[in-house]
Amino acid sequence: MAGRSAEPVRASVRHPAAMSGQAAARRAPFVAVVLLIIGCGLVALLVLNTAIAADSFAERSLSQQIEQLQLREQQLRQEVSAAHAPAALAQAAAEQGMIPSGTSAFLVIAPDGTTQVVGKAKPASRQPPAGANPPAAPGGNG
Amino acid sequence: MSATGLSSPPHRTGRSARPRRRTRRLRLSDPHRRVHVGLAVVLAILTIISGRLVQLQGLDGMKYAAAAEELRLTTLDLPAARGQILDRDGNPLAYSVEARAIFADPAMITAPGRTALALAPLLDVNADALMPLLTKEGRFVYLDRGLNPSVAQAIMALELPGIGELVEQRREYPAQWTAAQVIGFVGRDDTGLAGIEDQFNDVLTGTPGQLVYEQGRFGLPIPAATHSLQAAVPGSDVQLTLDQDLQFTLEKAIAVANDNPGVSTVQAVVLDVATGQVLAMAGSPGYDASDPGSVSGDQLGNPVVSHVIEPGSVNKMVTIAGALEEGLITPDTVMNVPDHLAVSDIVISDAWGHDPIDFTATGIIGKSSNVGTVMLAQRLGDARLEEYLRRFGLGTATGIELPAESDGILVPHTEWSGSQAGTIPFGQGISMTVLQMASMYQAVANDGVLVPPRIVDRVIGPDGTVRDQPAPEPRRAIESDTAADLRYMLESVTNEGGTAPLARIDGYRVAGKTGTAQRPNPECRCYAGGGYWATFAGFAPADDPRYVIAISIEQPDGSGHGGTIAAPVFTSIMSFALGDNGVAPTGTPTPEFRLTTDDA
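Residues numbered from 1 in each chain as written. Chains lettered and ligands numbered in written order. Predicted model: local features only at pLDDT ≥ 70, side-chain atom pairs only at ≥ 80, totals over all residues. Heavy atoms only, no water.

Visitor: Help me understand the overall build of chain B, please; the structure alone is not making it clear to me.
Guide: A tally of regular secondary structure across chain B gives 20 helices and 23 strands. Sequence separation of at least 24 residues holds for 72% of the intrachain contacts in chain B that already meet a minimum separation of 6. Approximately 27000 Å² of chain B is accessible, and the part contributed by carbon and sulfur atoms is 53%. (Helix = DSSP H or I, 4+ residues; strand = E, 2+ residues; numbered from the N terminus. Contact = heavy atoms within 4.5 Å. Areas by Shrake-Rupley, 256 points an atom, 1.4 Å probe, with all protein chains shown as cover.)

As structure tokens, this is what we get:
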């Protein structure tokens, strides 16, 4: 017993070192897990941040693309509406050699299927009464 | 000292041998005291540090955080698109596009000459013209505005120091001249200055939005940081009752009429008979809505609603309407009409000399006899004549949704001079707008019910909700029978013996009335040398009217008649309106007109 009792005394003298060795061995998995979690967390955070940043770059480039396409659409709409304006149409038609028609005749279809021509169709004249003026003509008269 | 302190333990046994040394060593090596002092110092420093920390984080923390956020926060104003102006078929007459302004900060420009040379071809100006702007005092000057974004992009790609771009809106008028007087135009700040742009400015203007976000190093928004978006709300669209194609045709027709010798201006308007809606209106010469600055200011109005004319014989219709409605005459009532008649201090005479003729009432209109009309007016009386003039809307603005509409001038009959009582029946001494003139005939064409003319059909909100404009209150001007008699009598004008065979349209029955009024000479405030107004107002088809057209041709130096120069304008506009809208001739036979007792 004396020998045995001597042991604890010696052990108690060496207590801190002995305990830390055993405890460290027992805690190693826990520490590893914590480290792993921290590590994973950090990596995940990094990945997430990178992803968000990458997305914001992608978003920016896509918004720019949208903006470009919108401007292009706007330009095309502008061209269409300009070409659609009556003055532009009249001019384009005149360039094709077309002449504004005078009075038109109508084909009236009765309920019984019989047809009747109403009005007098006249061939358009080469010198239309008012049609040949270019769109800016009103200003030219000033 | 430390060396002494460290060496002290081995000498413990010789304490008594070196009493002086021991005393000094004890004093110097008291560890508690040193620890205390050290602790105090450390604590003091820590206190200062933590105090400062509390001050920075706690007390001033908000301020610094705000300042930092201020650096990162970027506010972007989002301009709201101005609403469109559409014609009745939805064709855009005015709309806004995104544009760019290019500005310079002259203080930042180190090489103005090189900058000007680089910008000149892109801005399409002379480099010399840019130099004064680039070397100006101050920190901001516009170099050009309303540019296409692609041009601005090319300029920004040059990376010239001191040159920047701003986002703005530009108003586009794709039809340019067409309907410019109705639509109006906007100023640099996108505020309407004329026409519908002015009248409906509040409706067309949107509410600008704002985007606030935190910006990182390269101007990128920081993800998941403060971000607030208040979207811009675009303005509402205004849809007019105008027909773009008819409007174009009308403008061409009046431009052609404007080429007649001595003509200064021509005005015309087309109304839909059933609804009173304006389908087209313009006065020559007009202007290009995308470049209103190129003409003088007095040309920028809408003369059809703001310019008054004396209508001449077109006004006879009202006198006849009153006489018919009061039962004084029927279309076949015969009157013996001389070629002149003394009224008060003046002598009224017909446009042509003749022996007394047995005219029917129809003949008085068909041949446009002044004397016959005045004889009828005398039977009607001034008070009733004024009442009928007012029933046809004269002397009061129509209330059309356009700025600067004129009431016209109709003096109460109690204030009529003797000569005015003699001339108002055939349209001198009374003033009206061309729109009022058309509106009078709309009532006749519409079975006696006058629907005040309107030009805005509806307002379409940015979310697509449609708000129809309140319909005008129709009011009966004359009885249906009276209107039918008048349509018959007015049809005689365009037929054999009438004053306006040129207003005839092949296949259709047309009714109308010519007018040739003396124009006051602004120099002498008298009629001498003032020239004439040639007018025409009419509708077709006469037996089922669809469109009313009124025309006025002002000729300070000409003497064309309503039947010779105004009627052809009517024909070219009306035949287009009928054909383009698929109005087939009614196919009914034209009645026989008895103008004088000599007619069978």
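After that view, the rundown keeps rolling.
Visitor: When you look at the overall build of chain A in this model, what are you seeing that I'm missing?
Guide: What chain A contains, in helices and strands, is four helices and two strands. Scanning chain A from its N terminus toward the C terminus, one meets helices and strands in the order α-α-α-β-β-α. Relative to its full complement of 142 residues, chain A shows a buried share of 12%. When contacts within chain A are restricted to residue pairs at least 6 apart in sequence, long-range pairs at least 24 apart make up 30% of them. Surface summary for chain A: the accessible area is close to 10900 Å², and the carbon and sulfur share equals 65%. (Buried < 20%, exposed > 50% of the residue type's maximum accessible area, 1.4 Å probe, protein only.)

Visitor: Which parts of the structure should I look at to understand the environment of Gly164 of chain B?
Guide: Residues and elements named next belong to chain B. Its location among the elements puts Gly164 in strand 5 (residues 163-172). Since its relative accessible area comes to 7%, Gly164 is described here as buried. Expressed as a C-alpha distance, the spacing of Gly164 and Phe140, which sit 24 residues apart in the sequence, is 9.8 Å. Among residues more than four places away in sequence, those in contact with Gly164 are Ala101, Ile102, Phe103 and Met156.

Visitor: Just to check I follow, could you spell out the nonpolar core for this structure?
Guide: Soluble globular proteins tend to bury their nonpolar side chains together. All names here are of chain B. By size, the foremost hydrophobic cluster in this structure holds 127 residues, and its most contacted members are Ile196, Val269, Met281, Met317, Phe392, Ile455 and Ile553. Structurally, this core is a two-domain feature, drawing no fewer than three residues from each of domain 2 (76-240) and domain 3 (244-286 + 301-580). Ile196 has contacts with Ile85, Val182, Ile183, Gly184, Asn201, Leu204, Val238, Leu240, Glu401, Leu402, Ile455 and Val456, leaving out every residue within four places of it along the chain. In terms of nonpolar packing, the next biggest core, distinct from the first, is built from 17 residues, Ala116, Leu147, Leu160 and Ile163 among them. (Core = buried A, V, L, I, M, F, W, Y, C linked by side-chain atoms within 4.5 Å. Domains from an automatic or database assignment.)

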